[in-house]
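These are the residues of each chain, in order.
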Amino acid sequence: MTDDAVPDLRASDADRERVAEVLRDALAEGRLDMAEFEERLEQTYGARTYGELAPITRDLPVAGVTPPPPVVSLHKEPVRDGSWSGRIVGGEGSSTWAVAVMSGFQRRGRWTVPRRFTCFAFWGGGEIDLREADFAAGEVEINCVAIMGGMQIVVPPGVEVVVRGIGIMGGFDQRETGIPGDPGAPRVVVTGFAFWGGVGVERKQTRAARRQEKLERRAARELGEGERHRGH
């Protein structure tokens, strides 16, 4: 995306609120009269892009909104440097094991998944969330042993998952197996053993990505409604 395309980027609700706050301050300071304030406020809440928001506060002392820097590419799940390669970092990993005995454990947020991560749960459970994680290698193994307990593995869209665990009066979730990964994305191999327990695998976006999709759908819906009104 070029610099020229930045004004065409979609503005968020938070961006519009920042502009509205600048307008309220300008009204209180006497820089705008009530008619100007109401006119600009209407423009603010009707703005769809940064290019439409920027002129509203251009003649006021404090800028209302600054477009973000241009990005190289867009991905269905936000990747911190624009590509999966930025998340395959090498090294030993932040943590190589986890244990839950009549208790629970979590590995989530920013952490580095080692080449082999081993976890054990007895009358307990654990959550292994890879959505914000880095990876020590292009292929990592998560070895789960669940005895009368359970574990949940959450992976981001684009990651290939292979499940090879064995269950006796228990099981390993196979639903995500066989879905091709994105080019350059890591491969997660789930192995281990479950007895009267289970290991689930779920593919889910981050909250930020879901929130962004919701805003985009809402903006597209509002744009479509506006075009229909203009067509009447």
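Our subject is the structure listed above.
Asker: How would you sum up the packing of aromatic side chains? Please name residues and give values.
Answerer: Tallied over the full model, the rule gives three aromatic pairs. A centroid spacing of 5.6 Å and a plane angle of 70 degrees characterise the contact between W111 and F117, whose relative ring orientation is edge-to-face. The same class applies to W111 as to F117, namely buried. Where F122 meets W123, the ring centres are 5.7 Å apart and the plane angle is 0 degrees; that geometry is what we call stacked.

Asker: Pulling in residues and values, what's your account of the environment of A133?
Answerer: With respect to the helices and strands, A133 occurs in the loop between strand 5 (125–129) and strand 6 (134–135). On the accessibility criterion, A133 (0% relative accessible area) is buried. On a C-alpha basis, the gap between A133 and G109 in space is 6.4 Å, while along the polypeptide they are 24 residues apart.

Asker: Quick rundown of the side chain of R131? Include the residues and the values.
Answerer: Structurally, R131 is set in the loop between strand 5 and strand 6. Among the residues examined, R131 registers a relative accessible area of 10% and is labelled buried. In terms of polar contacts, R131 uses its side chain to reach the side chain of D129, at 2.7 Å. Here Q205 takes part through its backbone oxygen, which lies 2.7 Å from a polar atom of the side chain of R131.

Asker: An account of the pattern of salt bridges is requested, with residue identities and associated values reported.
Answerer: Counted according to the given criterion, the structure contains 13 salt bridges. Where D15 meets R18, a salt bridge forms, and the shortest distance between an N and an O atom there is 2.2 Å. Remark: R18 and D15 occur in helix 1 (residues 13–28); sequence separation between them is three residues, near one turn of the helix. On the accessibility criterion, D15 (3% relative accessible area) is buried. Close ionic contact of D129 with R131 constitutes a salt bridge, the shortest N to O distance being 2.7 Å. Each member of the pair, D129 as well as R131, carries the same accessibility label: buried. Each of E139, E160 and R187 takes part in one network of salt bridges that share partners.

Procedures and definitions
Residues numbered from 1 in each chain as written. Predicted model: local features only at pLDDT ≥ 70, side-chain atom pairs only at ≥ 80, totals over all residues. Heavy atoms only, no water. Phe/Tyr/Trp six-rings, centres within 6.5 Å; stacked < 30°, edge-to-face > 60°. Buried < 20%, exposed > 50% of the residue type's maximum accessible area, 1.4 Å probe, protein only. Helix = DSSP H or I, 4+ residues; strand = E, 2+ residues; numbered from the N terminus. Polar contact = N/O pair within 3.5 Å; in protein donor to acceptor, adjacent residues only side chain to side chain. Salt bridge = Lys/Arg side-chain N within 4 Å of Asp/Glu carboxyl O.

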